[in-house]
Amino acid sequence: MAKKLRGDKNWGITMTGGLYSDAISTEVSEYGLGIAAVPIMEVLVGESPRLEGEDKDHVLRLAALEGPLPPILVDRTTMRVIDGIHRLMAASLKGQRLIDVEFFDGSSEDAFLKAVESNVEHGLPLTHADRAAAAGRILKSHPAMSDRAIAKSTGLSARAVAQLRLSSHSVPKSTVRIGRDGKVRPLNGAKGRLRAAELMKENPEASVRQVARMAGVSPATALDVRRRLERGEDPVRNQGSAVAAPEEETPSGSRSTDGSSVIRLPALATLEKLMRDPSLRQSELGRRLLRLFKENELGAKDMEDIVASVPPHCIELIVGLSRRNSQIWTEFAQLLDRRARAVNPE
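Being a predicted model, the structure only gives us computed values, none of them experimental.

Q: Would you mind showing me how to read the overall build of the protein chain here?
A: Helix and strand counts for the protein chain come out as 14 helices and eight strands. Looking at the protein chain as a whole, 37% of its 346 residues are labelled buried. Considering only contacts in the protein chain between residues 6 or more positions apart, those separated by 24 or more positions represent 67%.

Written out as structure tokens, the structure is:
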């Protein structure tokens, strides 16, 4: 049975089902292996994370571009579009018979997750409402994904995802969290903390990341255990009660496992966006600022190991220097904030 895109006859795109494998071109696309040239008539409309549907103006802009567009992503089993519906419509509008397709293998739930991730990474940006609705759906289909992992996939903040998880009664319960690194961590880490403490006593020279990997806990939890042991405290908080969620679940702006304030550096996606901004890249001061942010981001990845490697006699000096640098960045942010208010007084 034929299906038209959003029932709009002006686009002239009719989607048909049926066997598509015999119709796929055997020619290798200019994008290389893994990309097939598929008849446009064999591609079906898939589920979109866009609540308002396709943007006709964006289709027209794509159709006006010279040269081929990037391949669209299609579910191999259903032949439904996962990412690239605007490109498909533009190709049809230009009268193309074939379109380059990259195939996806996975469940319908994973296909929707991939659709959201693809739309967040490139193309026409999703609205905040689109991203919030997508996060709510992903929480239900992938309840074990950590808040930060879902935040990265949807372009929301980890705090916003955490609030969605707490406010929804339809999100299935899960005793573990799968972080952005793909590792599975228990929500109640008492056993992991005890195992980490055991490993630290057996091998005091082991790095925080080594202990974390062997104990099955996050580096932040392993670091907290080391600090507790150094202070002569029990490695498990509140004498065996449930501990805080793993590092991947700590919302931005919250406190760390030892109760101290956590300074969250710019998200990697934000930094990457700034790195692409020509107004910053084309000035010397702008490039210096980007280098500073990049160094901070790289240092944050190894923060636990760096902390553990500081010699005891240097700790006080480095603490003072760190606080001074923190003050400098705070003053920098305040100056920018005042400038923003002056430029946009509303």
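Q: Just to check I follow, could you spell out the side chain of Arg 50 for this structure?
A: Of note, Arg 50 is situated in the loop between β3 (35-39) and α1 (56-63). A polar contact is formed between the side chain of Arg 50 and the side chain of Asn 119, at a distance of 2.7 Å. Not counting residues up to four positions away in its chain, the partners in contact with Arg 50 are His 86, Asn 119, Leu 124, Pro 125, Leu 126 and Asp 130.

Q: How should unusual backbone geometry be read in this particular structure?
A: With the exception of glycine, most residues fall at negative phi, and the peptide bonds are largely trans. The phi torsion at Met 79 lies on the positive side, around 60°, for a residue other than glycine. Take Met 79: it is sitting in the loop between β4 (72-75) and β5 (81-83). On the accessibility criterion, Met 79 (2% relative accessible area) is buried.

Q: What is the right way to read the pattern of salt bridges from this model?
A: Once the charged atoms of two side chains with opposite charge are near each other, the side chains can pair. Across all of its chains, the model carries eleven salt bridges by this definition. One salt bridge connects Glu 47 with Arg 137, and the closest N-O pair in it is separated by 2.9 Å. Of this pair, Glu 47 sits in the loop between β3 and α1 while Arg 137 sits in helix α4 (residues 128-141), and the two are 90 residues apart along the sequence. Residue classification places Arg 137 among the partly exposed residues on the basis of a relative accessible area of 33%. A salt bridge links Arg 76 to Asp 105, with the shortest nitrogen-to-oxygen separation between them at 2.8 Å. Within this pair, whereas Arg 76 is found in the loop between β4 and β5, its partner Asp 105 is found in the loop between β6 (98-104) and α3 (108-121), the two being separated by 29 residues in sequence. According to the relative accessible area criterion, Asp 105 is exposed, its value standing at 53%. If you follow the salt bridges from partner to partner, you end up with Arg 193, Asp 224, Arg 228, Arg 231 and Glu 233 in one network.

Calculation rules
Residues numbered from 1 in each chain as written. Predicted model: local features only at pLDDT ≥ 70, side-chain atom pairs only at ≥ 80, totals over all residues. Heavy atoms only, no water. Helix = DSSP H or I, 4+ residues; strand = E, 2+ residues; numbered from the N terminus. Buried < 20%, exposed > 50% of the residue type's maximum accessible area, 1.4 Å probe, protein only. Contact = heavy atoms within 4.5 Å. Polar contact = N/O pair within 3.5 Å; in protein donor to acceptor, adjacent residues only side chain to side chain. Salt bridge = Lys/Arg side-chain N within 4 Å of Asp/Glu carboxyl O.

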